Amino acid sequence: MAITPWLEEQLQALLTAQNQQDLLQHLVKTAELLGFDYCAFGFRAPYPLTAPKTLLLNNYPIAWQQRYATNHYLAQDPVMQHGLRSTSPLAWSGREQSASPFWEDALAHGIGYGWSQSYCNKQNFSGMLSLARSLESIGAKELAEKEPILSWLTQVAYAGFYPFMASKLTLALDITLTEREKEILRWTADGKTVEQIAQIINVGKRTVNFHITQVLDKLGAANKTAATVQAVLLGLI
């Protein structure tokens, strides 16, 4: 698909959005130019492991947004589940799976066909862009023409939303650990106790505990186990 001047202008606007609402509006407009009625972006933190924090922004019908939240569809949504397993793009059709209660409900609210792709950075924050429409399926020709732009759009959306959304789900994004703190966390990840770590790195237990306390403060973790897991997930060690 050739990039028209109008589409190119909208894509440039995405790169300079000043907040997440402006970014969503530009994405919605870009989605319309690409032939879709709706646009959604979901962002997921890598922790807590049992219930990772997630933020969703979209222009779906309000009734569907409310239904989605009330029925806890986030855990059931097959498109979201695909995005958690793979960063491969997915063209989907709710009408081909209308026997599913989820898709039956989605179709009733005008969500019939769409395209989605997820993206994940080295800190394991994942995001997924979905474009959807009500009536027209996505044929092979359209997919071949538009998918390169859609995949690029996914990365632009992720880069744009990341600073806004990640800061809402976690502590500051500029967390840095000292080399000693990293070393202690690595030994902790290997199952070593404070006493063992003190012997290995040739310092006192009080010094090890001091560094652990510093890490807990930086990460907002409840204990050294949680801090170690969090540091690993964030790519800090």
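Everything here concerns the structure above.
On a predicted model such as this, the values are computed, not experimentally measured, just so you know. (Residues numbered from 1 in each chain as written. Predicted model: local features only at pLDDT ≥ 70, side-chain atom pairs only at ≥ 80, totals over all residues. Heavy atoms only, no water.)

Colleague: Is there a simple way to think about the packing of helix α7 (residues 179-189) against helix α9 (residues 205-219) in this case?
Modeller: With their axes 10 Å apart at the nearest point, α7 and α9 run at an angle of 100 degrees to one another. Accordingly, the angle class assigned to the pair α7 and α9 is roughly perpendicular. Taken together, the residues of α9 that come into contact with α7 (itself represented by Arg180, Glu181, Ile184 and Leu185) are Val208, His211, Ile212, Gln214, Val215 and Lys218. Here the residues of the contact of α7 with α9 are counted per class, giving five nonpolar, two polar and three charged. (Axes fitted to C-alpha atoms, helices over the stretch in contact; angles between N-to-C directions. Helix = DSSP H or I, 4+ residues; strand = E, 2+ residues; numbered from the N terminus. Parallel < 35°, antiparallel > 145°, perpendicular 65-115°, else oblique. Contact = heavy atoms within 4.5 Å. Nonpolar A, V, L, I, M, F, W, Y, C, P; charged D, E, K, R; others polar.)

Colleague: Where do I start with the sheet that holds strand β4 (residues 113-120) in this structure?
Modeller: By way of backbone hydrogen bonds, the strands of a sheet pair with one another, either parallel or antiparallel. Ordered by their spatial adjacency, five strands build an open sheet running β2-β1-β5-β4-β3, and the pairing between neighbours is antiparallel. Single-partner strands in this sheet number two, and they are β2 (54-58) and β3 (90-93). Here the strands of the sheet are splayed against their neighbours by 20 degrees on average, with no regard to which way each runs. Relative to β4, β3 is paired through four bridges, and the arrangement is antiparallel. Counted as the bridge partner of Leu90 is Ser116 from β4. Relative to the sheet, helix α4 (residues 78-85) contacts β1 (38-44), β2, β3, β4 and β5 (126-133), its axis offset from that of β5 by approximately 145 degrees. (Pairing = 2+ DSSP bridges.)

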